[in-house]
Amino acid sequence: MSAETPAVPGRDEHYLRVIRRHFRAWRGERPFWAGLFIILGGLPIAYFPYANLQIGHLTLAMATTAGAGSLIIGVLLVVLGVSLWFQKHVRTFAGVAAILLALVSLPVSNLGGFLIGFLLALVGGAMAVSWAPGPPPQPQPVPEATVEQGDAPAGALPAEADTVDEPNDLSGTSPANGANGRHSAG
(Lines give C-alpha, C1' and ligand atoms only; values in the text may rest on other atoms or scores of the structure.)
Protein backbone atom coordinates (compact mmCIF):
# COMPACT_ATOMS: atom_id res chain seq x y z
CA MET A 1 0.00 0.00 0.00
CA SER A 2 1.51 3.30 -1.04
CA ALA A 3 1.30 6.61 0.76
CA GLU A 4 -1.21 7.85 -1.80
CA THR A 5 -3.66 4.99 -1.29
CA PRO A 6 -6.56 6.15 0.89
CA ALA A 7 -7.48 4.12 3.95
CA VAL A 8 -10.67 2.12 3.61
CA PRO A 9 -13.02 3.07 6.48
CA GLY A 10 -13.60 0.13 8.78
CA ARG A 11 -10.84 -2.02 7.37
CA ASP A 12 -7.60 -0.05 7.50
CA GLU A 13 -8.41 2.07 10.55
CA HIS A 14 -7.33 1.55 14.11
CA TYR A 15 -9.98 -0.32 16.09
CA LEU A 16 -10.39 2.51 18.62
CA ARG A 17 -11.21 4.93 15.83
CA VAL A 18 -13.81 2.49 14.47
CA ILE A 19 -15.35 2.06 17.93
CA ARG A 20 -15.46 5.83 18.42
CA ARG A 21 -17.14 6.34 15.03
CA HIS A 22 -19.74 3.67 15.78
CA PHE A 23 -20.38 5.16 19.23
CA ARG A 24 -20.87 8.63 17.72
CA ALA A 25 -23.35 7.23 15.20
CA TRP A 26 -25.21 5.37 17.96
CA ARG A 27 -25.21 8.45 20.19
CA GLY A 28 -26.58 10.66 17.42
CA GLU A 29 -29.65 8.47 16.90
CA ARG A 30 -31.03 8.80 20.43
CA PRO A 31 -31.32 11.32 23.31
CA PHE A 32 -27.96 10.32 24.75
CA TRP A 33 -27.21 13.47 26.73
CA ALA A 34 -30.69 13.57 28.23
CA GLY A 35 -30.26 10.00 29.46
CA LEU A 36 -26.82 10.81 30.87
CA PHE A 37 -28.13 13.85 32.77
CA ILE A 38 -31.02 11.82 34.19
CA ILE A 39 -28.67 9.02 35.30
CA LEU A 40 -26.30 11.53 36.89
CA GLY A 41 -29.28 13.15 38.61
CA GLY A 42 -30.49 9.87 40.06
CA LEU A 43 -27.15 8.93 41.60
CA PRO A 44 -26.88 11.70 44.25
CA ILE A 45 -30.58 11.42 45.05
CA ALA A 46 -30.12 7.74 45.87
CA TYR A 47 -26.68 8.10 47.49
CA PHE A 48 -26.87 11.05 49.90
CA PRO A 49 -29.52 9.68 52.30
CA TYR A 50 -27.26 6.67 52.95
CA ALA A 51 -23.92 8.50 53.02
CA ASN A 52 -21.85 9.26 56.10
CA LEU A 53 -19.79 12.43 55.75
CA GLN A 54 -16.50 12.46 57.67
CA ILE A 55 -15.33 15.88 58.83
CA GLY A 56 -12.16 15.21 60.79
CA HIS A 57 -13.21 12.91 63.64
CA LEU A 58 -16.85 13.98 63.33
CA THR A 59 -19.19 11.67 61.43
CA LEU A 60 -22.26 13.34 59.97
CA ALA A 61 -24.98 10.84 59.04
CA MET A 62 -27.59 12.16 56.63
CA ALA A 63 -29.93 9.17 56.89
CA THR A 64 -33.57 10.16 56.91
CA THR A 65 -36.79 8.30 57.50
CA ALA A 66 -37.52 8.66 53.79
CA GLY A 67 -34.33 6.88 52.78
CA ALA A 68 -36.26 4.15 51.01
CA GLY A 69 -38.24 6.73 49.07
CA SER A 70 -35.10 8.49 47.90
CA LEU A 71 -33.53 5.16 46.93
CA ILE A 72 -36.59 4.32 44.84
CA ILE A 73 -36.57 7.74 43.19
CA GLY A 74 -32.84 7.47 42.40
CA VAL A 75 -33.14 3.97 40.96
CA LEU A 76 -36.16 4.97 38.86
CA LEU A 77 -34.23 7.94 37.47
CA VAL A 78 -31.30 5.69 36.54
CA VAL A 79 -33.68 3.23 34.86
CA LEU A 80 -35.37 6.07 32.94
CA GLY A 81 -31.98 7.34 31.77
CA VAL A 82 -30.90 3.92 30.56
CA SER A 83 -34.27 3.38 28.85
CA LEU A 84 -33.73 6.63 26.93
CA TRP A 85 -30.53 5.18 25.54
CA PHE A 86 -31.98 1.89 24.40
CA GLN A 87 -35.69 2.70 23.85
CA LYS A 88 -35.69 6.11 22.19
CA HIS A 89 -39.42 5.98 21.43
CA VAL A 90 -40.26 6.40 25.15
CA ARG A 91 -38.53 9.77 25.28
CA THR A 92 -41.63 11.82 26.09
CA PHE A 93 -42.80 9.50 28.86
CA ALA A 94 -39.31 9.15 30.32
CA GLY A 95 -38.74 12.91 30.20
CA VAL A 96 -42.00 13.77 31.94
CA ALA A 97 -41.49 11.00 34.51
CA ALA A 98 -37.94 12.25 35.20
CA ILE A 99 -39.21 15.80 35.73
CA LEU A 100 -41.92 14.58 38.12
CA LEU A 101 -39.50 12.37 40.04
CA ALA A 102 -37.04 15.26 40.32
CA LEU A 103 -39.79 17.45 41.76
CA VAL A 104 -40.83 14.74 44.22
CA SER A 105 -37.22 14.33 45.31
CA LEU A 106 -37.15 17.86 46.74
CA PRO A 107 -39.18 17.07 49.91
CA VAL A 108 -38.31 13.36 50.03
CA SER A 109 -34.56 13.18 49.50
CA ASN A 110 -32.55 15.95 51.21
CA LEU A 111 -33.65 18.68 48.80
CA GLY A 112 -33.24 16.39 45.82
CA GLY A 113 -29.69 15.31 46.58
CA PHE A 114 -28.72 18.82 47.75
CA LEU A 115 -30.14 20.32 44.55
CA ILE A 116 -27.46 18.56 42.47
CA GLY A 117 -29.58 15.56 41.54
CA PHE A 118 -32.70 17.68 41.27
CA LEU A 119 -31.18 20.06 38.73
CA LEU A 120 -29.51 17.32 36.68
CA ALA A 121 -32.70 15.25 36.50
CA LEU A 122 -34.79 18.32 35.68
CA VAL A 123 -32.48 19.39 32.83
CA GLY A 124 -32.22 15.82 31.54
CA GLY A 125 -36.01 15.40 31.58
CA ALA A 126 -36.47 18.66 29.68
CA MET A 127 -33.87 17.57 27.13
CA ALA A 128 -35.62 14.21 26.70
CA VAL A 129 -39.02 15.83 26.08
CA SER A 130 -37.59 18.31 23.59
CA TRP A 131 -35.42 15.82 21.65
CA ALA A 132 -36.64 14.92 18.18
CA PRO A 133 -35.06 12.43 15.79
CA GLY A 134 -33.25 13.93 12.85
CA PRO A 135 -34.17 13.33 9.24
CA PRO A 136 -33.10 9.96 7.85
CA PRO A 137 -29.78 10.07 6.01
CA GLN A 138 -30.03 10.54 2.27
CA PRO A 139 -28.41 7.85 0.16
CA GLN A 140 -25.16 8.98 -1.35
CA PRO A 141 -25.02 8.93 -5.15
CA VAL A 142 -22.68 6.35 -6.59
CA PRO A 143 -20.00 8.02 -8.71
CA GLU A 144 -20.11 6.83 -12.28
CA ALA A 145 -16.97 5.33 -13.70
CA THR A 146 -15.53 7.02 -16.73
CA VAL A 147 -14.33 4.93 -19.63
CA GLU A 148 -10.70 5.59 -20.33
CA GLN A 149 -8.51 4.18 -23.01
CA GLY A 150 -7.48 0.65 -22.13
CA ASP A 151 -10.35 0.01 -19.66
CA ALA A 152 -12.52 -2.07 -21.99
CA PRO A 153 -12.54 -2.74 -25.68
CA ALA A 154 -14.94 -0.76 -27.82
CA GLY A 155 -18.39 -2.34 -27.83
CA ALA A 156 -17.80 -4.30 -24.60
CA LEU A 157 -19.98 -1.90 -22.62
CA PRO A 158 -23.70 -2.27 -23.34
CA ALA A 159 -25.37 0.75 -24.85
CA GLU A 160 -27.97 2.22 -22.51
CA ALA A 161 -31.39 2.65 -24.07
CA ASP A 162 -33.34 5.82 -23.43
CA THR A 163 -36.34 4.54 -21.47
CA VAL A 164 -37.71 7.79 -20.11
CA ASP A 165 -41.23 7.50 -21.52
CA GLU A 166 -41.65 3.74 -21.27
CA PRO A 167 -43.41 2.33 -18.20
CA ASN A 168 -41.15 0.28 -15.98
CA ASP A 169 -43.96 -1.61 -14.22
CA LEU A 170 -44.11 -5.22 -15.36
CA SER A 171 -46.57 -6.36 -12.68
CA GLY A 172 -49.69 -5.71 -14.75
CA THR A 173 -51.18 -3.39 -12.13
CA SER A 174 -50.20 -0.11 -13.72
CA PRO A 175 -53.09 2.13 -14.82
CA ALA A 176 -51.28 2.54 -18.14
CA ASN A 177 -51.76 -1.19 -18.76
CA GLY A 178 -55.51 -0.85 -18.29
CA ALA A 179 -55.55 -3.05 -15.18
CA ASN A 180 -56.64 -0.16 -12.93
CA GLY A 181 -54.65 -1.49 -9.98
CA ARG A 182 -56.08 -5.02 -10.14
CA HIS A 183 -54.07 -8.14 -10.85
CA SER A 184 -55.12 -10.25 -13.78
CA ALA A 185 -55.20 -14.00 -13.38
CA GLY A 186 -54.21 -14.91 -16.76
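Nothing here was measured: the structure is a model prediction, and the numbers come from that model.

Engineer: Can you lay out the confidence of the model for the protein for me, pointing to particular residues and giving the numbers?
Structural biologist: Of all residues in the protein, 69% have pLDDT values of 70 or greater, and the mean over the chain is 79. The secondary-structure element of the protein with the lowest mean pLDDT is strand β2 (residues 58–61), recorded at 76, while helix α6 (residues 116–130) shows the highest, at 94.

Engineer: Could you give me a rundown of the side chain of S70, with the residues and numbers involved?
Structural biologist: With respect to the helices, strands and loops of the structure, S70 is situated in helix α3 (residues 67–86). What makes S70 buried here is its relative accessible area of 0%. In this structure S70 touches I45, A46, P49, V108 and S109, once residues within four positions along its chain are discounted.

Engineer: Talk me through the pairing of β2; I want residue IDs and the actual numbers.
Structural biologist: In the sheet, strand β1 (residues 52–55) pairs with β2 via four bridges, with the strands oriented antiparallel. The partner of L53 across the bridge, within β2, is L60. Connecting β1 to the next strand, β2, in antiparallel fashion are two residues, including G56 with a positive phi near 65°.

Engineer: How would you summarise the packing of aromatic side chains if you had to cite specific residues and measurements?
Structural biologist: Inspection of the entire model under this criterion finds nine aromatic pairs. Judged by centre distance (5.6 Å) and plane angle (90°), the ring pair of F23 and F32 falls under edge-to-face. A relative accessible area of 36% places F23 in the partly exposed class. With relative accessibility at 10%, the residue F32 sits in the buried group. Between W26 and F86 the ring centres are 5.8 Å apart and the planes differ by 45°, which places this aromatic pair in the tilted class. Taken together, the residues span a long stretch of sequence, with W26 in helix α1 (residues 15–28) and F86 in helix α3 at a distance of 60 residues. Classification of F86 by relative accessible area gives exposed; the value is 53%. Cluster of aromatic residues (ring-pair linked, three or more members): F23, W26, F32, W33, W85 and F86.

Engineer: Quick one: what's the story with the side chain of S109, residue by residue and with numbers?
Structural biologist: Along the chain, S109 falls in the loop between α4 (91–108) and α5 (110–114). Look at S109 and you get buried, because its relative accessible area is 0%. S109 has contacts with I45, P49 and S70, leaving out every residue within four places of it along the chain.

Conventions we followed
- Residue numbers run consecutively from 1 along every chain, following the written order of its sequence.
- For a predicted model such as this one, the threshold for reporting local features is a pLDDT of at least 70, and the threshold for listing and counting side-chain atom pairs is 80 or more; totals across whole chains, interfaces and linings nevertheless cover every residue.
- The side-chain quantities take in all heavy atoms of the structure and omit both hydrogens and water.
- One number per residue, pLDDT, summarises how confident the predictor is, and it ranges from 0 to 100.
- Strands here mean DSSP runs of E at least two residues long; helices mean DSSP runs of H or I at least four residues long; both are numbered from the N terminus.
- Burial classes follow relative accessibility: with a 1.4 Å probe on protein chains only, a residue under 20% of its type's maximum area counts as buried, one over 50% as exposed, and anything between as partly exposed.
- Residue contacts are defined here by distance: any two heavy atoms, one from each residue, within 4.5 Å place the two residues in contact.
- Criterion used throughout: strands pair if DSSP finds at least two bridges between them.
- Within 6.5 Å between ring centres, the rings of Phe, Tyr and Trp (the latter by its six-membered ring) count as paired, and their orientation is classed by plane angle as stacked under 30 degrees, edge-to-face over 60, tilted in between.

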